[in-house]
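Spelled out from the first residue to the last, the chains are:
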Amino acid sequence: MTRDRLSVVVTRRLPDVVETRLCELFDVRLREDDSPMERAELVDAVQSADVLIPTVTDKIDAGLLGQASEKLRMIANYGAGVDHIDVQTARQRGIHVSNTPGVLTDDTADIAMALMLAVTRRIPEGWNRMQQGDWTGWAPTAMLGGRISGKRLGILGMGRIGQAVAKRATAFGMQVHYHNRRRLHADIEQAYDASYWESLDQMVARMDVISVNCPATPSTFHLLNARRLKLMKAGAVVVNTSRGEVIDENALTRMLRAGEIAGAGLDVYEHGSDVNPRLRKLPNVVLLPHMGSATLEGRIEMGEKVIINIKTFEDGHRPPDLVVPSMI
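Because the structure is a prediction, the values reported are computed rather than measured.

Chemist: Explain the overall build of the chain here, please?
Modeler: On a plain count of helices and strands, the chain comes out with 13 helices and twelve strands. The C-alpha atoms of the chain give 22 Å as radius of gyration, which agrees with the globular expectation for 328 residues (20 Å, within 12%). When its C-alpha atoms are laid out on the principal axes, the chain stretches across 80 × 50 × 35 Å. Here the chain holds 328 residues, and 49% of them are scored as buried. Counted over contacts in the chain with a minimum sequence separation of 6, partners at least 24 positions apart contribute 60%. Only carbon and sulfur atoms are counted for the fraction: they give 50% of the accessible area of the chain, which is about 16,600 Å². On the chain, the mean spot of the 40 positive side-chain charges and the mean spot of the 41 negative ones are 6 Å from each other.

Chemist: Looking at this structure, how should I read the sheet that holds strand β1 (residues 7-10)?
Modeler: Two pairing modes exist for strands in a sheet, parallel and antiparallel, and in both the strands are linked by backbone hydrogen bonds. One open sheet accounts for five strands, arranged β2-β1-β3-β4-β5; its pairing is parallel. In this open sheet, the two strands that pair with only one neighbour each are β2 (27-29) and β5 (96-98). With strand direction ignored, the average angle separating the axes of adjacent strands in the sheet is 20 degrees.

Chemist: Looking at this structure, how should I read the packing of helix α5 (residues 105-120) against helix α7 (residues 160-171)?
Modeler: For any two helices packed against each other, the geometry comes down to the angle between their axes and how far apart the axes lie. Running from amino to carboxyl end, α5 crosses α7 at an angle of 50 degrees, the nearest separation of the two axes being 8 Å. With respect to α7, the axis of α5 lies oblique. In this structure, α5 meets α7 at a crossing whose hand is right-handed. The segment α5 lies against α7, with Thr105, Asp106, Thr108, Ala109, Asp110, Ala112, Met113 and Met116 engaging Arg160, Ile161, Ala164, Val165, Arg168 and Ala169. Counted by class, the contact of α5 with α7 contains eight nonpolar, two polar and four charged residues.

Chemist: I tried to follow a nonpolar patch on the surface on my own but got confused; where do I start?
Modeler: Where nonpolar side chains cluster on the molecular surface, the patch consists of Met130, Trp135 and Trp138 and spans about 460 Å² of accessible area. Of note, Trp138 is situated in the loop between α6 (123-131) and β6 (152-156).

Chemist: Mind showing me how you'd approach the pattern of salt bridges here?
Modeler: Two side chains carrying opposite charge are able to pair once their charged atoms lie near each other. All chains considered together, the criterion is met by 20 salt bridges. Across the pair Arg12 and Asp34 runs a salt bridge whose closest N-O atoms are separated by 3.4 Å. Taken together, the residues Arg12 in the loop between β1 and α1 (16-25) and Asp34 in the loop between β2 and α2 (39-48) connect sequence positions 22 residues apart. Exposure remark for Arg12: the relative accessible area of 14% places this residue in the buried category. The salt bridge partner of Arg39 is Asp61, with a shortest N-O separation of 2.8 Å. Placement of the pair is Arg39 in helix α2 and Asp61 in the loop between β3 (51-53) and α3 (62-65), with a sequence separation of 22 residues. Among the charged side chains, a network of salt bridges with common partners joins Arg13, Asp16 and Glu19.

Chemist: I keep staring at the nonpolar core and nothing clicks. Help me out?
Modeler: Across soluble globular proteins, you tend to see nonpolar side chains buried next to one another. With 29 residues, the main nonpolar core has Ile210, Leu224, Leu229, Val238 and Leu252 as its most contacted residues. Mapped onto this core, the elements with two or more residues apiece are α9 (200-206), β9 (209-212), α11 (249-257) and β11 (263-266). Broken down by element, this core gets its largest block of residues, four residues, from α11. If we ignore the near neighbours within four places in the chain, the residues touching Leu224 are Leu156, Val204, Ile210, Val212, Leu229, Val238, Val246, Ile247 and Asp248. If you look at the next biggest cluster of nonpolar residues, it comprises 27 residues, including Leu153, Met158, Ala166 and Met174.

Chemist: How should the pairing of strand β7 (residues 175-179) be read in this particular structure?
Modeler: On a regular strand, one side chain projects to one face of the sheet and the next to the other, so that they alternate. Burial analysis of β7 places four of its five residues in the buried class, which makes it a mostly covered element. By the bridge criterion, five bridges tie β6 to β7 in an arrangement that is parallel. Looking at the pairing, Gly154 lines up with His177 of β7. In the classification by handedness, the crossover that spans β6, the intervening α7 and the parallel β7 is right-handed.

Chemist: Sorry, what's going on with the UniProt feature "domain: D-isomer specific 2-hydroxyacid dehydrogenase NAD-binding" (unreviewed entry) in the chain here?
Modeler: Under the UniProt annotation, the feature "domain: D-isomer specific 2-hydroxyacid dehydrogenase NAD-binding" (unreviewed entry) is placed at residues 113-292. In residues 113-292, helix accounts for 33% and strand for 15%; the two terminal C-alpha atoms are 11 Å from one another.

Chemist: What is the right way to read a positive patch on the surface from this model?
Modeler: Together, Arg254, Arg257, Arg278 and Lys281 give the surface a local cluster of positive charge. Looking at the secondary structure, you find Lys281 in the loop between α12 (277-280) and β12 (285-287). The class for Lys281 is exposed, based on a relative accessible area of 71%.

Reading the values: the criteria
Residues numbered from 1 in each chain as written. Predicted model: local features only at pLDDT ≥ 70, side-chain atom pairs only at ≥ 80, totals over all residues. Heavy atoms only, no water. Helix = DSSP H or I, 4+ residues; strand = E, 2+ residues; numbered from the N terminus. Rg over C-alpha atoms; globule rule 2.2 N^0.38 Å. Buried < 20%, exposed > 50% of the residue type's maximum accessible area, 1.4 Å probe, protein only. Contact = heavy atoms within 4.5 Å. Areas by Shrake-Rupley, 256 points an atom, 1.4 Å probe, with all protein chains shown as cover. Lys, Arg positive; Asp, Glu negative; His and termini not counted. Charge placed at Lys NZ, Arg CZ, Asp CG, Glu CD. Pairing = 2+ DSSP bridges. Axes fitted to C-alpha atoms, helices over the stretch in contact; angles between N-to-C directions. Parallel < 35°, antiparallel > 145°, perpendicular 65-115°, else oblique. Left-handed = near helix turned anticlockwise from the far one by under 90°. Nonpolar A, V, L, I, M, F, W, Y, C, P; charged D, E, K, R; others polar. Patch = residues over 30% accessible without salt bridge, like charges linked within 9 Å, V, L, I, M, F, W, Y side chains within 5 Å. Salt bridge = Lys/Arg side-chain N within 4 Å of Asp/Glu carboxyl O. Core = buried A, V, L, I, M, F, W, Y, C linked by side-chain atoms within 4.5 Å. Right-handed = clockwise from strand over helix to strand, strands pointing away. UniProt positions renumbered as here; feature names shortened; annotations may be inferred.

Printed below as a string of structure tokens:
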């Protein structure tokens, strides 16, 4: 007897190779365009599917889960972060939640280093000058930036991505410091010659560059608030490739405008795509459109993890990337 295939709803367009493989394995409803689903569409999805494949742009809250049918048994998130999903409520309703950790580590760390260099060496300013035809030739004092070699890098969140940033920063000759919920094993610290700071306040006050690499949780919301940002040196730079909510964006903008912080490189924002318009006008700020994980290889690997999680669940086993509330 042939078993009915799982019905799966995908909320956004995925790479062709991922969509093709999903369709080979499951009864899939794909997204025709690449716009986020409206609330009513999400309600329809959780009422009709066995498995939902959402992304960070979908808010899977208690209200939505309260409208889900008993048929919905799994939320296979396409992405590592799950702060847009009410994992606790899902668990209470017997819905498994999985994610795709690990595959975007190097891609995100690359962007963090690119932002450090872009801000400290004023690369976008130079590019704009060339595009506008304003360059009249080399001069000894023109477009002066700063070296990152020898500078102190403070990593906020020394998980997979934080360690990948440390590895790259070490190659650039930076001094690696970090703050984490738990101190890392001595072998890991030794690998990056990394210094642990139990006090985030003390670390922030002494760094030349701060790289935000911690997840968004209730305890990390506005971890870099106005008070803590004021501890930073006037010549320091902050880079965020994690989640926008970790930084008080309004406070950061005010300090950048006042010259109290030298610069910022941001790939994520506190209010999603609704970026503070004052940030866009600052020459000492480099803004990217949440592209830290945007490599074709990474997106395909994310899809492969989603498929493995769903297939493992379908076969009656624990998905390898199951998320439980205690992990958040």
